[in-house]
Amino acid sequence: MKNETIPIEQLARLRRIRGLARLMDTALRIPGTRVSLGADSVLGLIPGIGDFGAAAISLFIVNEARRLGVPNDKLLKMLVNVGFDTVAGSVPVVGDVFDVYFKSNRRNLQLVLDHFGLDHADLDRSR
């Protein structure tokens with residue numbers, strides 16, 4: 001399925017999911033490395049509430065996928081990714097390093113794109 005066959009509202013949602021996934025997981029690249037991090041890693045530094053704030057944004061992505069019609073088995077995988085990221089990321093120090101490498105939102109975006117048979121380039125094309 002290419003973006004010409006996707007209703008504009010769905011395309012906008014897919015682009016919104018991609019933007020949030022990028023913001024949360026890969027918005028900043030550490031100079032001189034291939035390592036990137038996002039708001040999830042930064043929020044994880046705030047004791048107590050940071051990881052749960054990041055989880056709330058991740059759950060918004062899952063809800064958008066639900067509204068797009070992603071099937072329950074993929075939604076469950078997405079929820080497992082968010083749960084694993086939240087629990088592992090909440091461990092002091094180790095969790096902060098974990099957040100840099102485990103990118104649950106990017107994984108969830110890929111599940112959504114796979115469901116629709118799309119790739120990132122399909123979202124870049126204008127209608």
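In this text the structure is predicted, and so the values were computed from the model without any measurement.

The rules we used
Per chain, residues are indexed from 1 in the order of the written sequence. In keeping with the model being predicted, local features are shown solely for residues with a pLDDT of at least 70 and side-chain atom pairs are shown and tallied solely at 80 or more, while totals for entire chains, interfaces and linings include all residues. Hydrogen atoms and water are omitted, and side-chain values are computed over all heavy atoms in the structure. Two rings belonging to Phe, Tyr or Trp (six-membered ring only in the last case) form a pair when the distance between their centres is within 6.5 Å. Interplanar angles under 30 degrees mark stacking, angles over 60 mark edge-to-face geometry, and anything in between is tilted. Starting at the N terminus, helices and strands are each numbered in turn, a helix being any DSSP run of H or I of at least four residues and a strand any DSSP run of E of at least two. Only protein chains enter the accessibility calculation, which uses a 1.4 Å probe; a residue whose area is less than 20% of its type maximum is buried, one above 50% is exposed, and one in between is partly exposed. Within this document, salt bridges are pairs made up of a side-chain nitrogen of Lys or Arg and a carboxyl oxygen of Asp or Glu, the two lying within 4 Å of each other. To get an axis, fit a line to the C-alpha atoms, keeping to the stretch in contact for a helix; angles then go from 0 to 180 degrees between the N-to-C directions. Roughly parallel refers to an angle under 35 degrees, roughly antiparallel to one over 145, roughly perpendicular to one between 65 and 115, and oblique to any angle outside these ranges. Two helices crossing with the near one rotated counterclockwise from the far one by less than a right angle form a left-handed crossing, whereas a clockwise rotation gives a right-handed crossing. Whether two residues are in contact is decided by their heavy atoms: any pair within 4.5 Å suffices. Amino acids outside the nonpolar list (Ala, Val, Leu, Ile, Met, Phe, Trp, Tyr, Cys, Pro) and the charged list (Asp, Glu, Lys, Arg) are all regarded as polar, and Gly is one of them. The definition of a nonpolar core used throughout is a set of buried Ala, Val, Leu, Ile, Met, Phe, Trp, Tyr and Cys residues joined through side-chain atoms within 4.5 Å.

J.: Describe in detail the packing of aromatic side chains, supporting the description with residues and values.
T.: One pass over the full model with this rule turns up three aromatic pairs. Aromatic side chains phenylalanine 84 and phenylalanine 98 sit 5.3 Å apart centroid to centroid with 90° between the ring planes, which places their arrangement in the edge-to-face category. You can see phenylalanine 84 sitting in helix α4 (residues 72–89) and its partner phenylalanine 98 sitting in helix α5 (residues 94–101), a full 14 residues away along the chain. Accessibility expressed as a relative area gives 45% for phenylalanine 84, which makes it partly exposed. Here phenylalanine 98 and phenylalanine 102 contribute two aromatic rings whose centre-to-centre distance is 5.1 Å and whose plane-to-plane angle is 15°, an arrangement assigned as stacked. Looking at phenylalanine 102, the relative accessible area reads 10%, which means it is buried. By the ring-pair criterion, three or more aromatic residues cluster together here, those being Phe84, Phe98 and Phe102.

J.: Tell me about the pattern of salt bridges, and name the residues and values.
T.: In total, this model carries five salt bridges according to the counting rule given. The salt bridge involving glutamate 64 is made with arginine 16; its shortest N-O contact spans 3.2 Å. Here glutamate 64 is found in helix α3 (residues 50–68), whereas its partner arginine 16 is found in helix α1 (residues 8–25), with 48 residues between them in sequence. For the salt bridge of glutamate 64 with arginine 67, the shortest nitrogen-to-oxygen distance reads 3.2 Å. Taken together, the residues span about one helical turn, with glutamate 64 and arginine 67 both in helix α3 at a distance of three residues. Among the residues examined, arginine 67 registers a relative accessible area of 44% and is labelled partly exposed. Each of Glu9, Arg13, Arg16, Glu64 and Arg67 takes part in a single network of salt bridges with overlapping partners.

J.: Explain the packing of α1 against helix α6 (residues 104–116) to me, using residue names and the numbers behind them.
T.: Look at α1 against α6: their axes get within 8 Å of each other, and the N-to-C directions meet at 155°. In terms of orientation, α1 lies roughly antiparallel with respect to α6. Pair α1 / α6 crosses with left-handed handedness. Between α1 and α6, the residues in contact are Leu14, Ile17, Arg18, Ala21, Arg22, Met24 and Asp25 and Ser104, Asn105, Arg106, Leu109, Val112 and Phe116, respectively. Taken together, the residues of the contact of α1 with α6 break down into seven nonpolar, two polar and four charged.

J.: Residue-level account of the nonpolar core, with values.
T.: In terms of nonpolar packing, the biggest core is built from 22 residues, with Leu14, Met78, Val112 and Phe116 touching the most fellow members. Taken together, the elements giving at least two residues each to this core come down to α1, α3, α4 and α6.

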